[in-house]
Amino acid sequence: MDRYIEFVVNYWFLFALLAVILVLLGWNLLGSRFLGVKQVGPMQATQLMNRQDAVVVDVRDKADFSDGHILNALHKPLTQLQDLPRALAKYRARPVIIYCTNGSASVRACRTLLKEEFTQVYNLKGGILAWRNANLPLTKK
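Presented here is a report on the structure given in the accompanying data block.

Quick notes on the rules
Residues numbered from 1 in each chain as written. Predicted model: local features only at pLDDT ≥ 70, side-chain atom pairs only at ≥ 80, totals over all residues. Heavy atoms only, no water. Phe/Tyr/Trp six-rings, centres within 6.5 Å; stacked < 30°, edge-to-face > 60°. Buried < 20%, exposed > 50% of the residue type's maximum accessible area, 1.4 Å probe, protein only. Lys NZ or Arg CZ within 6 Å of the ring centre and 35° of its normal. Core = buried A, V, L, I, M, F, W, Y, C linked by side-chain atoms within 4.5 Å. Helix = DSSP H or I, 4+ residues; strand = E, 2+ residues; numbered from the N terminus. Contact = heavy atoms within 4.5 Å. Pairing = 2+ DSSP bridges. Right-handed = clockwise from strand over helix to strand, strands pointing away.

## A look at the packing of aromatic side chains
Applying the stated rule across the entire model yields four aromatic pairs. Summarising the aromatic geometry, the rings of Phe 7 and Tyr 11 are spaced 5.0 Å apart at their centres and angled 45° between planes, so their arrangement reads as tilted. Tyr 11 sits in the partly exposed class, given a relative accessible area of 36%. Taken together, the ring pairs in this structure connect Phe 7, Tyr 11, Trp 12, Phe 13 and Phe 15 into an aromatic cluster. The ring of Phe 118 carries the charged tip of Arg 92 above its face, separated from the ring centre by 4.3 Å.

## Quick look at the nonpolar core
If you look at the biggest cluster of nonpolar residues, it comprises 18 residues, and the most contacted ones within it are Val 57, Leu 84, Leu 88, Ile 98 and Leu 113. Among the elements of the structure, strand S2 (55-58), strand S4 (96-99) and helix H6 (106-115) are those that each provide at least two residues to this core. Element by element, the count of residues in this core is highest for H6, at four residues. Discounting chain neighbours no more than four positions away, the residues touching Leu 88 are Val 57, Leu 74, Val 96, Leu 113 and Phe 118. Counting 15 residues, the second-largest nonpolar core is a separate cluster that includes Val 56, Ile 97, Tyr 122 and Leu 124.

## Remarks on the pairing of strand S5 (residues 121-124)
Side-chain alternation along S5 places Val 121 and Asn 123 on one buried face and Tyr 122 and Leu 124 on a second face that is also buried. Bridging between strand S1 (residues 38-40) and S5 involves three bridges; their strand directions are parallel. Considered in S5, the bridge of Gln 39 is made with Asn 123. Bridge analysis of S4 against S5 gives three bridges, and the strand direction is parallel. From the neighbouring strand, Ile 98 faces S5, where its bridge partner is Asn 123. As a crossover connection, the stretch from S4 through H6 into S5 is right-handed.

Structure, rendered in structure tokens:
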């Protein structure tokens, strides 16, 4: 037992780094659930888009949006987060799917809409990267 304690003391920075990585992984996997944000994968998102006429919102910057985005996605960058509820007010009764590059930054936009009493707000789990990995189409128009 003394050898384990000595090892931990000698390599404390590795254990601290391990703790940080575990916290970040846990937050990435479970954080949005604790914040009340519903997650949907790419296939669930396409079902919402096709069956319930969901509105898709891209919160990435202009350059990333221009490189490729989901067809008919509205571009509302996170820099304009305070204007998001007003910009989407006419879509309040419809499902709203928000995405970013990897699905983590878009949680902020989801929370903003939930605070403004939007009831059907979804975060695209994995963001545009998951969409691409699912071989779903993107447009540059």
